[in-house]
Each structure stands twice: as structure tokens, then as C-alpha cells.
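Take a look at the letters that make up each chain.
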Amino acid sequence: MGKDDPPPIAGGCADRGAFAFISKGWREVRDSATADLRLMRARADSVRARADRELEHLLASASALAPSLPPVAAGAPIAEVEFVRNRIQPKIQELRRQYSSRGASSPADGGGWPPAPGATSLRVDLSGIAAIRNAIVAAERDGGAEGWSVARWKGDRGEEQRGKEWEVVRMIRSGIKEFERRSLSSDMFSGFRGRGEFVEKFKLSLKSLNKDYRESKEVPPLDLTEILAYLVQQSGPFLDQLGIRRDLCDKLVEMLYSKRNGRLMYHSLSEDRNLAENITEELDLRIARVLESTGYHTDEGFWNDPAKYKISDNRRHVAIVTTASLPWMTGTAINPLFRAAYLARSVKQKVTLLVPWLSKSEQELVYPNNITFSSPEEQETYIRNWLQERLGFEADFKISFYPGKFSKERRSIIPAGDTSQFISSKEADIAILEEPEHLNWYHHGKRWTDKFNHVIGVVHTNYLEYIKREKNGAIQSFLVKHINNWVTRAYCHKVLRLSAATQDLPRSVVCNVHGVNPKFLNIGEKIEADREHGQKVFSKGAYFLGKMVWAKGYRELIDLLSKHKKDLEGFKIDVYGNGEDSEEVQTAARKCDLSINFFRGKDHADDSLHGYKVFINPSVSDVLCTATAEALAMGKFVVCADHPSNEFFKSFPNCLTYKTSEEFVACVKEAMASEPQSLTPEQRYNLSWEAATERFMEYSELDKVLSNTNGHPGRGGKRNKVSKISLLPKLSDVVDGGLAFAHHCLTGNEILRLATGAIPGTRDYDKQQCMDLNLLPPQVQHPVYGW
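What counts, and where the lines are drawn
Residues numbered from 1 in each chain as written. Predicted model: local features only at pLDDT ≥ 70, side-chain atom pairs only at ≥ 80, totals over all residues. Heavy atoms only, no water. UniProt positions renumbered as here; feature names shortened; annotations may be inferred. Patch = residues over 30% accessible without salt bridge, like charges linked within 9 Å, V, L, I, M, F, W, Y side chains within 5 Å. Areas by Shrake-Rupley, 256 points an atom, 1.4 Å probe, with all protein chains shown as cover. Salt bridge = Lys/Arg side-chain N within 4 Å of Asp/Glu carboxyl O. Helix = DSSP H or I, 4+ residues; strand = E, 2+ residues; numbered from the N terminus. Buried < 20%, exposed > 50% of the residue type's maximum accessible area, 1.4 Å probe, protein only. Polar contact = N/O pair within 3.5 Å; in protein donor to acceptor, adjacent residues only side chain to side chain.

Taking an unreviewed UniProt entry as the reference, the protein chain is identified by name as Digalactosyldiacylglycerol synthase 1, chloroplastic belonging to Urochloa decumbens. Note on the protein chain: under the UniProt heading Catalytic activity (unreviewed entry), the record states "a 1,2-diacyl-3-O-(beta-D-galactosyl)-sn-glycerol + UDP-alpha-D-galactose = a 1,2-diacyl-3-O-[alpha-D-galactosyl-(1->6)-beta-D-galactosyl]-sn-glycerol + UDP + H(+)".

A. Structural detail: a nonpolar patch on the surface. Taken together, the side chains of Ile 475, Phe 478, Leu 479 and Ile 483 define a hydrophobic patch exposed on the protein surface, amounting to about 400 Å² of accessible area. Secondary-structure assignment places Phe 478 in helix α18 (residues 473–491). Taking relative accessible area as the criterion, Phe 478 reaches 51% and is therefore assigned exposed.

B. Inspection of the side chain of His 444 at higher detail. Considering the arrangement of structural elements, one finds His 444 in the loop between α15 (436–440) and α16 (448–451). Only 3.0 Å separates the side chain of His 444 from the backbone oxygen of His 744, close enough to count as a polar contact. Only 3.4 Å separates the side chain of His 444 from the backbone nitrogen of Gly 748, close enough to count as a polar contact.

C. Inspection of the pattern of salt bridges at higher detail. Applying the stated criterion to the full structure yields 21 salt bridges. Two residues, Asp 766 and Lys 405, come together in a salt bridge whose shortest N-O distance is 3.5 Å. Residue Asp 766 is located in the loop between α28 (750–755) and α29 (767–773), and its partner Lys 405 is located in strand β3 (residues 398–407); the two are separated by 361 residues in the primary sequence. Looking at Lys 405, the relative accessible area reads 13%, which means it is buried. We note a salt bridge from Asp 736 to Arg 507, for which the minimum N-O separation is 3.3 Å. Taken together, the residues span a long stretch of sequence, with Asp 736 in helix α27 (residues 731–747) and Arg 507 in the loop between β7 (494–497) and β8 (508–510) at a distance of 229 residues. Given a relative accessible area of 32%, Arg 507 falls into the partly exposed group. Within the structure, one salt-bridge network assembled from shared partners comprises Asp 642, Glu 647, Lys 650 and Lys 659.

Okay, structure coming up:
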């Protein structure tokens with residue numbers, strides 16, 4: 001069992017695997033025990049050396065003080081000093097020689113520690129300590145050292161050899177206390193200068209000898225209220241699923257934690273933090289300190305998957321998975337494409353963009369201008385050409401496809417089969433899920449957080465706002481809200497919300513991590529240059545551009561214009577867009593007799609749109625309107641609602657927001673009567689994808705993950721003074737794992753899938769998709785289907 005490699009085992013692979021596992025476990029236990037014993041030996045040597053120094057200092061101090069004693073008071077102190085010098089010092093020297101000359105013995109011999117490999121053995125011989133004790137006892141019997149209180153040694157010699165090395169220290173400390181008491185109560189020591197300093201210094205020396213021992217005992221055990229507070233805190237995911245508000249849980253944790261009996265042994269956190277966050281941090285640190293006081297430490301979590309991605313060439317791999325693809329001009333097709341291009345500029349990581357592939361019949365329903373592709377390679381060429389026209393650099397990233405199906409009812413693409421399987425295990429390092437709730441509604445496959453080291457979700461769409469507009473929208477939105485909460489908690493480590501207009505999801509932060517196409521910034525610079533040369537750059541009035549569906553703001557636009565038709569007399573607006581509700585929108589505008597001119601959808605960078613001065617976007621269902629950012633980048637006025645989705649744009653001077661319909665009229669008139677201000681370099685940079693990528697790296701903590709060299713999140717850089725140790729899985733991890741397992745079971749049932757609105761046959765991809773993507777049929781890849 002002392003060898004590094006286990007002996008060969010005859011038998012099957014299972015037997016060899018079992019014995020290999022046992023051998024590996026034994027080696028880990030042996031290495032851990034050896035490291036602990038080495039640490040104990042090092043601490044013992046340190047304490048021994050410190051004791052030697054303090055005793056030498058005591059003897060030197062006693063020798064220096066003896067000549068200065070007054071004749072009246074010299075008798076007793078000199079006798080005690082002579083006793084220390086003549087009786088104890090020779091024994092100390094003898095003990096020191098034995099320490100340095102003898103080898104270590106086994107625990108059975110009374111030594112205590114096994115030798116380190118290649119190091120000289122060390123044996124603790126207690127005979128010297130026993131001799132010192134006998135000398136002190138003899139001196140007390142002879143009356144030569146009155147007042148020295150000799151402690152009684154308990155137990156037989158075997159017990160003395162198993163842990164009574166410091167009895168001499170305790171005996172000397174007791175004698176010094178008695179000496180101090182006698183000296184303070186006696187008048188004959190009134191002339192003894194420096195006796196208080198001598199005694200105090202010696203007491204401090206004795207305290208320093210036991211510093212490590214005291215510190216290890218200073219952490220009080222957890223009391224019942226602290227345990228209950230931690231249990232409630234870790235039960236947050238479960239309570240959240242039951243509909244219990246987070247602030248109630250925080251108040252309960254605060255109440256329990258404030259009634260704790262034990263006093264925390266570390267400093268409080270900064271006062272500027274939120275109280276709930278403060279208590280959470282303090283409670284976590286308290287638990288970690290108690291665990292550390294036990295002496296146990298591990299770098300690995302309980303549920304870490306050793307088969308995850310390992311770094312081989314010092315480069316990480318980022319997989320960006322999205323729900324749409326060009327030529328569908330939607331935010332989830334364009335923004336992930338630019339994110340992949342700008343992340344790929346760094347040498348730290350390789351990037352793969354995973355987009356859905358639709359069969360040709362469904363491409364005709366989704367892609368504009370009757371654009372279709374006969375193969376994924378053809379569509380990839382189209383995507384790269386479109387991107388190259390808008391970038392000023394070569395985008396070096398990989399594009400892959402996964403099978404998807406278009407849902408006419410939801411007007412979105414639903415993944416078919418296990419999307420995670422289209423990223424190989426060799427590249428499964430970091431995953432960015434664009435619209436994580438959408439991707440995982442019917443996901444039936446491997447858990448993302450099990451396959452990938454770090455999973456980031458980016459929320460693009462306010463699904464609850466769309467669903468509320470449908471029949472029975474209140475009930476549907478309630479169910480979808482909890483499902484979104486469920487799947488994001490189960491499948492993501494971190495969630496980024498583009499604005500506060502989205503649902504508040506677990507482990508989420510609000511930050512705009514999108515930029516604008518560099519082409520729009522170039523258009524804005526050109527318009528600004530023409531304006532400086534005295535040219536008229538805006539020859540047209542107001543316009544709106546967006547997919548022509550009611551939820552994109554067309555209902556709000558028609559209502560505002562019809563309500564204030566007289567106030568906006570003579571005002572005209574051009575609308576560009578295609579969509580399923582085109583006929584209904586145009587019919588409603590004609591019934592209200594509004595001055596709206598409808599045109600087919602165009603690229604926002606089209607030359608025919610450069611001359612418009614005012615972009616009007618009344619939508620309150622968007623999360624972060626890309627067209628609004630593009631209009632600001634081109635130097636135009638933007639009139640939009642004072643809504644959380646537009647919070648990022650309110651800092652720009654050309655953005656005019658309104659809360660009421662009357663304010664809408666005032667904003668429109670102001671924009672039509674004045675000229676937009678020029679953007680500053682800082683404002684232009686904030687709109688760019690370079691700035692958006694920086695914000696993404698910071699708020700997703702991807703910069704910290706990429707700085708790690710071991711492929712695991714949260715382990716790069718310096719450790720905190722008190723690290724949060726995961727000796728056992730947190731209750732939140734257990735809940736997340738249970739939610740993922742339950743979701744996997746439910747999505748495996750075709751009846752439940754259809755009852756919740758899934759497209760028939762989307763649990764696995766079909767034969768046509770197998771042919772298009774050169775895939776094996778699901779029954780061939782998984783001959784025996786299991787959980």
C-alpha cells in the first residue's frame with residue numbers, strides 16, 4: 001500500500017477500475033496525512049525554538065537584574081535566580097542536545113511524528129523534562145525555592161510521553177504568578193526596580209508560546225440560530241420556487257443571525273453595502289471560519305466533474321449558442337454574431353457560434369426576400385460575407401449549426417434534440433446562452449452546467465410582456481415566469497439582463513452588453529463631417545423601423561397618433577417593416593386616418609434612411625432596442641418612452657423620453673424643430689461593441705474565468721483571507737440539481753411537451769435535418785434510450 005501504483009489485478013475491467021479507485025483513494029489519504037504530519041513537525045520545531053529563545057532571555061534578564069537588587073530584598077530573588085541558573089539551565093541544555101542529536105521514533109516509542117522523506121528523524125525525549133521537574137521538586141523539598149508552586153504530574157510514564165511536554169512551561173508560569181503576588185504584597189521589594197516589567201515580559205513570552213494553540217480554539221462553535229439562518233439562506237432557491245419573496249427570506253435570516261450567541265471573530269464588511277448582502281457575506285465567512293478551525297481543507301467541490309474540459313494549449317474555448325440566424329434580421333441573430341467576432345479578437349480564447357438550421361420549407365417562412373439555403377455551408381458563407389462588410393477586421397471564429405424548428409404560434413425557432421451535443425467535449429469549456437430560457441424550455445439533454453465549466457445566460461426578450469397580450473395571458477405569463485426562473489437557475493451560473501424590463505431571474509445582473517454595428521458609427525461620423533462643412537444632412541422628418549408585429553410598438557404608435565391628431569397636425573411618419581401583422585397594422589392606421597406611410601423592411605444602414613432626423617420608437621415590450629442605439633449612433637434624434645428598456649439611452653442628449661401622451665407630443669415637436677447635438681468621443685465609444693465587450697467581460701465575470709489556468713471558475717488570482725470552503729454541496733446546488741433532474745424527466749415525456757406548447761417531434765431531430773447536417777439518426781446514436 002506504500003507504493004504509488006497499485007498491483008496488477010486479474011479479472012475484468014470493473015475489478016481493475018475498483019482496485020484503481022481504492023488505490024487512488026489510499027494514495028490521497030496517505031499524501032494528506034503525510035502533509036499534516038509535516039506541518040505538525042514544523043510547528044513543533046518552531047515552538048521549541050521559540051521556547052529556547054524565551055528561556056535564554058529569562059536567564060539573561062535574571063542575571064542582569066540580580067546585581068541591581070537592594071541588599072534588603074536580595075535574599076529571596078537571588079536564591080530563585082540561582083536556582084534557575086544552577087538547576088534548570090543545565091537541564092535545558094541537556095534537553096537541547098538530546099533534541100538535536102537523536103533521531104525520530106515512531107509514535108509507539110514516545111517520539112510522536114514519522115520522518116519526512118529525505119529528512120533527518122527527530123525524537124522527543126522527555127527524560128530531560130522529567131529531570132527538570134525532579135530538580136524543582138528537590139529544591140522545594142530542601143526549602144531553597146519557597147513560593148515555586150510545583151504542578152502535580154498525572155498519569156504514568158506512558159501518559160507523560162504522549163503529551164505532557166509543556167508541563168514545565170505551565171509550572172514556571174504558576175511560579176511566576178506566585179512570585180508576582182508575593183513581590184507586590186511585600187514592602188521589602190519596594191526598591192526592586194523593573195520587577196513589574198520583568199514579570200510582564202515573561203508572561204507575554206509564555207503567551208506567545210501558546211499563540212497557535214489559542215488561535216485554533218478561539219473560533220466558537222455554531223449555535224442553533226446561526227445554523228437555522230444558514231439553512232434559510234441556502235433554501236432560497238426552493239423558497240423562490242414556492243413563490244416566497246426574497247426580501248422575506250432576507251429578513252428571516254437577519255432576525256435569526258442577529259440573535260446568535262457567539263461573537264464573530266472577524267471584522268465586519270464595509271458599511272456601504274446592502275444589509276442583506278452584508279449578512280450573507282458575514283454568515284458565509286462565519287461558516288467558512290468554523291470549517292477552517294477543524295483543520296480540514298479541500299480545493300475540490302463535492303460534485304465537481306473531473307471529466308470536464310481541460311486546458312491543453314493555454315487557450316480557453318467559448319461556445320455562443322443563440323436562437324436565430326441571418327438572414328433573419330432579429331436581435332438574437334445579429335448581436336450574438338458581433339459578440340462572437342469581438343470575443344474572437346482576443347488570443348485568450350477560441351470561439352464557436354452555434355446557430356439553428358431550418359429545413360428549406362421553414363426557411364421560406366422565416367427568412368426575408370425569399371432567401372433560402374440548400375446547405376449549412378451556403379448559409380455560413382452568407383453570414384460571413386454579411387459580417388465582413390460591417391467589420392474592419394478579420395473575424396476568426398467557427399460557425400456550427402444545430403437542428404431547429406420554427407413555431408408559427410410563438411414566431412420563434414425551437415431547438416430540436418439535445419443542443420449541447422453539438423459542442424464536442426473537447427471544446428465544452430465556457431458556454432454563452434443567448435436567451436437561456438428560450439433555449440431550455442424543452443431542452444432534453446445533458447445539463448449545461450455539468451458539461452461546461454462556466455455557463456452565462458444573456459436575456460434578450462421580455463417574454464412575459466408578449467404573453468400578456470395573448471388570450472389567457474395572465475395565467476400563461478404566471479406559468480412562464482416560474483418556468484423561466486426554473487430553467488435559468490438549473491442551467492446557468494450567471495445571467496445578464498440587458499435592462500430592468502426583463503424578468504428578475506436568479507443570479508442575474510442588469511447591464512447592456514450590446515453595441516452597435518460599426519457601420520452605423522461610421523455613418524454618424526460622415527454625417528457630422530458633412531454638417532461641419534455646412535451641408536444639410538437631414539432632409540427628411542420622422543420614421544420608425546421594426547418587425548411589423550403588434551408587440552413591437554405599432555399599437556402604441558397608432559394610439560398616440562390617433563389621440564393627438566390635432567396636436568400633431570401636418571406631422572407625417574414613414575414606417576419600414578415586414579411581419580405577420582402587416583395587414584392588420586396598415587388596416588388599423590387607415591381606419592384612424594393617420595398620416596403613416598408604410599414601406600417594406602430595410603436594413604437600417606440603407607442609404608435611403610440616412611436623411612431622416614427623428615427616430616420614433618414607442619415600444620414598451622423591447623428589452624433593449626437595437627434600432628434605437630443605431631439611430632443614436634447615426635446622430636439622429638430618438639423619441640422613446642421613459643421605460644426601463646431605454647434606461648441606457650437616457651444619458652445621450654439626443655434621446656428624448658416621455659411618460660405621458662402629452663409629453664410625447666412635446667418631444668416630437670422639439671425634435672422636429674431643432675438639430676441633434678454632436679456625440680462626444682466617449683458617447684460614441686459607449687455605443688461601440690468594444691465597450692459592450694468590456695462590459696460583458698466584467699459583469700459576466702468572464703475575465704476572471706479566463707484568467708484561471710486550471711479550467712475551473714472561481715479559482716484564479718489570490719484567495720481571500722477567509723475562503724469559502726465547500727466541504728459539502730450547498731443546499732442551493734442540491735436544489736438546482738433537483739430542478740434540472742425534474743426538468744429533464746418532464747421534457748422527456750412527449751405528452752407533457754405537447755401539453756405545454758412544444759412542437760411535435762422536437763425532442764429529437766428528424767430525418768431531413770439528419771440529411772442536411774450529416775447526422776446519424778437519434779435511434780442509432782442512442783440505441784437504448786435512458787435518462
